[in-house]
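A closer look at the structure
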Amino acid sequence: MAIQHAVLALLARGPSYGYELKSAFEAAVGPQWGPLNIGHLYQILDRLSRDGLVVAERQPQPVKPDRVVYEITADGRGELDRWLAAPSPRSGGFRDDFFLKLTAAARSGAATTVRGVLANQRGHLMRELRNLDGLRRRADDPVVRLLLSAAGRHVEADLAFVDDAEAALLSDGGATLARLADDRPAPAVPAAPEAGPDRAAG
């Protein structure tokens, strides 16, 4: 899980505690990631501690409740190094809600449905791209700008796929859609009942 390795990377810079790690993570990855849930962060820290990748020390405070400070272990640094050296496969695979929606629209055979699905997706992606571009222009941190640029590249690839889908499904006057609509699996034919021992012949 990438977040647990990101937490290890933050702890590699020095010991820290929950809310400090939350703030550091959010500052490091920028606004496109969204806020890190503190409960989820503590679950990650507990798992890292159980796995021997971090150690936790409870530190008393004069007024507030005790603070739990986490520190990376040698095994944690080894795991961080292993993660950094490994390539990152596409985490979500190629299962995608939009692709399922496009499949349903295409197999309906209705060009207006396909055009509507593609237009809605294209509009959504264009708004997302403008938003990312605005965030990137306002970002001071060069790494955050780079992450926002990467997010924009993904959106541009999604827009290119919308163009590909439009060309593949709508450029031939409806012939492809008609073929897809007609290409239905044959209904299953129930098997004939077998003659049982109590069936009398003739």
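To be clear, the structure that these remarks concern was listed above.
Residues numbered from 1 in each chain as written. Predicted model: local features only at pLDDT ≥ 70, side-chain atom pairs only at ≥ 80, totals over all residues. Heavy atoms only, no water.

1. So, the sheet that holds strand β3 (residues 67-72)
Across the sheet, which stays open at both edges, the 3 strands sit in the order β1-β3-β2 with antiparallel pairing between neighbours. Both outer strands of the open sheet, β1 (16-17) and β2 (54-59), are each paired with one neighbouring strand and no more. Two strands pair when backbone bridges link them, and β1 and β3 are joined in this way by 2 bridges, in the antiparallel orientation. Pairing of Y17 across the sheet is with V69, part of β3. On top of the sheet, helix α1 (residues 2-11) reaches β1, β2 and β3; it is set at about 90° to β3, its chief contact. (Pairing = 2+ DSSP bridges. Helix = DSSP H or I, 4+ residues; strand = E, 2+ residues; numbered from the N terminus. Contact = heavy atoms within 4.5 Å. Axes fitted to C-alpha atoms, helices over the stretch in contact; angles between N-to-C directions.)

2. Points about α1
Where burial is concerned, most of α1 is hidden: 7 out of the 10 residues are buried. Of the surrounding secondary structure, the elements contacted by the buried residues of α1 are β1, α2 (18-29), α3 (38-50), β2, β3 and α4 (74-85). (Buried < 20%, exposed > 50% of the residue type's maximum accessible area, 1.4 Å probe, protein only.)

3. Description of the nonpolar core
In terms of nonpolar packing, the biggest core is built from 20 residues, with L102, V114, L118, L148, L169, L170 and L177 touching the most fellow members. Put simply, the parts of the chain that give this core at least two residues each are α5 (97-108), α6 (111-138) and α7 (142-170). Ranked by residue count, the leading element in this core is α7, at 8 residues. With sequence-adjacent residues up to four places away left out, L170 is seen in contact with A111, V114, R115, L118, A165 and L177. Within the second largest apolar cluster, 19 residues are counted, among which are L11, L36, L41 and L80. (Core = buried A, V, L, I, M, F, W, Y, C linked by side-chain atoms within 4.5 Å.)

4. Topic: the packing of α1 against α2
Between α1 and α2, whose axes approach to 10 Å, the crossing angle comes to 105°. Here α1 is positioned roughly perpendicular relative to α2, judged by the angle of their axes. Contacts between α1 and α2 involve A6, V7, L10 and L11 from the first element and L21, A24 and F25 from the second. Considering only residue class, the contact of α1 with α2 consists of 7 nonpolar, no polar and no charged. (Parallel < 35°, antiparallel > 145°, perpendicular 65-115°, else oblique. Nonpolar A, V, L, I, M, F, W, Y, C, P; charged D, E, K, R; others polar.)

5. Here's the deal with the packing of aromatic side chains
Counted according to the given criterion, the structure contains 2 aromatic pairs. With centroids separated by 6.2 Å and ring planes inclined at 90°, the aromatic side chains of F98 and F161 adopt a geometry described as edge-to-face. Of the two residues, F98 is situated in helix α5 and F161 in helix α7; the sequence distance between them amounts to 63 residues. In this structure F98 comes out as buried when scored by relative accessible area, which is 9%. Taking 6.4 Å as the distance between ring centres and 40° as the angle between the ring planes, the aromatic pair formed by F99 and F161 counts as tilted. With a gap of 62 residues between them, F99 in helix α5 and F161 in helix α7 connect regions that are remote in the sequence. For F99, a relative accessible area of 43% corresponds to the partly exposed category. Judged by relative accessible area, F161 falls into the partly exposed class, the value being 32%. Connected via pairs of aromatic rings, a cluster forms that spans F98, F99 and F161. The cationic tip of R67 hangs over the ring face of Y17; the distance from NZ or CZ to the ring centre is 3.9 Å. (Phe/Tyr/Trp six-rings, centres within 6.5 Å; stacked < 30°, edge-to-face > 60°. Lys NZ or Arg CZ within 6 Å of the ring centre and 35° of its normal.)

6. Focus on the side chain of T73
Structurally, the position occupied by T73 is in the loop between β3 and α4. Beyond its immediate chain neighbours, meaning those up to four positions away, T73 contacts G52, L53, V54 and V55.

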